[in-house]
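Examining the three-dimensional arrangement
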Amino acid sequence: MTDTTKVSDATDASLTGTAHSDAKEAGLSRRRRVTRLVVAIGFVLVAALILFLVTRPPVEDARPTTIGFSLNSFFRWLGDLNPLIQIPVVLLVWFAVIGLILLLIEYAPRPGRFYFWLRLVTCFAIPVLAFMLLRPYQNAVIYVLAIAVVLGGLLFWADYRSREGAGHLYQLVFFAAPALILLLVGLLYPAIATFIQSFFDKSGQSFVGLDNYVWVFTNPQGFWSVINSIIWVLVAPTFATIIGLAYAVFIDRARGEKVLKVLIFMPFAISFVGAGIIWGFMYDYQQGNQLGLLNAIVTAFGLPPVAWLSITPLVNTLLLLVVFIWSQTGLAMVILSAAVKAVPTEQIEAAALDGASAWQRFRNVTVPGIRSSIVVVVTTIAIGALKIYDIVAVMTGGRNDSTVLAFEMVNQQQRFQSYGHSAALAVVLFIFVVPLIVFNVIQIRKQREIR
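Let us look at the structure shown here. Everything quoted here is computed from the prediction, not taken from an experiment. (Residues numbered from 1 in each chain as written. Predicted model: local features only at pLDDT ≥ 70, side-chain atom pairs only at ≥ 80, totals over all residues. Heavy atoms only, no water.)

Notes on the overall build of the protein
Helix and strand counts for the protein come out as 18 helices and zero strands. For 451 residues, the compact-globule formula gives about 22 Å, and the C-alpha radius of gyration of the protein, at 31 Å, lies well above that figure. Overall, the C-alpha framework of the protein stretches about 110 × 85 × 50 Å when taken along its three principal axes. Buried positions account for 33% of the 451 residues belonging to the protein. Put simply, the protein shows about 27700 Å² of open surface, and 69% of that area lies on carbon and sulfur atoms. Looking at charge distribution, the protein has the averaged site of its 32 positive side-chain charges lying 2 Å from that of its 23 negative ones. (Helix = DSSP H or I, 4+ residues; strand = E, 2+ residues; numbered from the N terminus. Rg over C-alpha atoms; globule rule 2.2 N^0.38 Å. Buried < 20%, exposed > 50% of the residue type's maximum accessible area, 1.4 Å probe, protein only. Areas by Shrake-Rupley, 256 points an atom, 1.4 Å probe, with all protein chains shown as cover. Lys, Arg positive; Asp, Glu negative; His and termini not counted. Charge placed at Lys NZ, Arg CZ, Asp CG, Glu CD.)

Written out as C-alpha cells, the structure reads:
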C-alpha cells in the first residue's frame, strides 16, 4: 500500500467519523426538541386542568374525600396533643419526610432495572399522594388525579430522556422539591390570589374590574399612599447613601474608627417600632410642659409648640423620613466602608501623582470603584422604603396624609375589611418594587461580566 493510499484511507475514515458525529449530534438535537415539546404540551395540559378545576361550577353537598388519611386529619390529631408533645411530633414528621426524600435522591438515580421501576413508581405515586393528602372535594378528584398523573409522567419522561442520563433530573427535582413547594405555597399562590382579588369588591364576591385601581389613584387615602411611597423611595435611599458614604470616607481617617462605626451602626440594630417610639418623643407635642426635644427648644425661645407630625402637606412625611434615614445610614456606612477599603491604593496614588485633588480622586477613582456597592445599598434601602410600615403605624397611624402603600394595604384589610382595595394596593406596591429588583440584577450581571 502506497503512502497516497494510506492518506486517502485516513481521510475517508476521518470524514466518516465526522459524518457519524454530525448525525449523532443531529439525533440528540432532535431528541431534545421532542422532549421539550412533550414537556410544554404537558404543562399546557396541567394549566388547562387547573383552570377547569378552579372555574368549574360549584356542586351542592360536595364533600372532601381522602385516602383514609389527610393533612387536615393529621393537624386535627396534632391539635389534640399536649403542647409539649406537638413540637417533637412536628419535627419528627418533618425529618421523616426530608429523610425519605434524601433516601430517594441517594438511591433512586442509580442505574439498574430495580431503580428504574423505583423511579417510575415514585414519579407517579408521590404526586398522587401529595394531592390526595390535601383532601380534594369529590367532584374535583378526577381533576386532582389527572394533574398528579400528568406531572408524574412529565417528570419520568423528561428524566428518562435527560441528556445527563436517567436519574439526573429526578434527583434534581426531588432535591429542590421542599424549597419549590414552600415558594409555591408561600409566595407564588398568594401573589396570584392577591392579583385576582384586586378585581373584586371589598367582600371578594363581585367582580368590579379596575374600580379598585381607580380608587387607589383617586381616593385620598390611596392617592397619598402612592405619593408618599414615591417620596420615600426617592428621598430615603439618596440621603441615606450620601450620608453613609460620607461617614465611610471620613471615619476611616479618624481616630477611634471602630467606636464611631459602632455608634453610627447602632440605630440600624433598633427595630422600626423602637425607632418610631424614640423619635416620637423628639416630635412630641403638648400644650403644657414639653417632653419633645424639638418643642422644648421652640418654647425656650418663647414660641408656641408645634404639632410636627400634623403639618401638611408632606412636612410630616419628611419628618418620618428622617427616622428611616437615621436607622438606615449605619447599614450604608458599613457596606460602603468595606467597598472603599477594597479600592486599590495604587489607583489612588497614581491619581495623586497626576496632580488630582482629594475631591477629584474621590470622584474619579473611589466612586467608580465602589459603584456596584452603591447600587446594592441604594436598591436595598429603596425596597425597604417601599415596604415601610412600622414607623408610620407607630408615629402617625397614617393620619394627616402621611400614609404609605404598605400601611394603607394593611389598614384597608384590617380596619375596613376591604380586601379588594387592599389587594390593589399590594399589586401597586409590587409593581413599584419589581423595577428596583430588575435594575439590581442587571447591575450585578454587568459587574460579573467586567470581572
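Past the structure itself, the notes keep going.
Description of helix α7 (residues 211–218)
Residues of α7 that are buried: Asn212, Tyr213, Trp215 and Val216. Taken around the axis of α7, the buried residues stretch over an arc of 155°, which confines them to a single face. (Arc of directions from axis to C-beta.)

Some points on a positive patch on the surface
A cluster of basic residues, Arg30, Arg33, Arg36 and Arg163, forms a positive patch on the protein surface. With respect to the helices and strands, the residue Arg30 is situated in helix α1 (residues 3–55). On the basis of relative accessibility, which here comes to 48%, the residue Arg30 falls in the partly exposed class. (Patch = residues over 30% accessible without salt bridge, like charges linked within 9 Å, V, L, I, M, F, W, Y side chains within 5 Å. Salt bridge = Lys/Arg side-chain N within 4 Å of Asp/Glu carboxyl O.)

Topic: a nonpolar patch on the surface
A cluster of nonpolar side chains, namely Ile181, Leu184, Val185, Leu188, Ile192, Phe195 and Ile196, defines an oily patch on the protein surface of about 650 Å² accessible area. Within the secondary structure layout, Ile181 lies in helix α6 (residues 168–197).

Remarks on helix α3 (residues 83–107)
In this model, α3 (25 residues) spans 37 Å end to end at C-alpha, consistent with the 36 Å of a helix rising 1.5 Å per residue. Of all the positions in α3, only Val89, Ile101, Leu104 and Ile105 are classed as buried. Residues of α3 that are buried sit in contact with α2 (71–79), α4 (113–132) and α6. Where α3 begins, the capping side chain belongs to Asn82, and its oxygen is found 2.8 Å from the backbone nitrogen of Leu84. (Expected span 1.5 Å × (residues − 1). Contact = heavy atoms within 4.5 Å. Polar contact = N/O pair within 3.5 Å; in protein donor to acceptor, adjacent residues only side chain to side chain.)

Describing the layout of surface pockets
Its volume calculated, the second largest pocket comes out at about 510 Å³. If you trace the second largest pocket, you find 19 residues lining it, with Val249, Arg253, Val340, Phe362 and Thr366 closest to the centre. Those elements that place two or more of their residues in the lining of the second largest pocket are α8 (220–251), α12 (315–342), α13 (345–353) and α14 (358–369). Ranked by the residues each element gives to the lining of the second largest pocket, the list is headed by α8, at six residues. Per-class residue counts for the lining of the second largest pocket are twelve nonpolar, three polar and four charged. (1 Å grid on protein atoms, 1.4 Å probe; cavity = no way out; pocket = protein on both sides within 12 Å on 5 of 7 lines; lining within 4 Å. Points joined across faces, edges and corners; volume = space filled by probe spheres on them. Nonpolar A, V, L, I, M, F, W, Y, C, P; charged D, E, K, R; others polar.)

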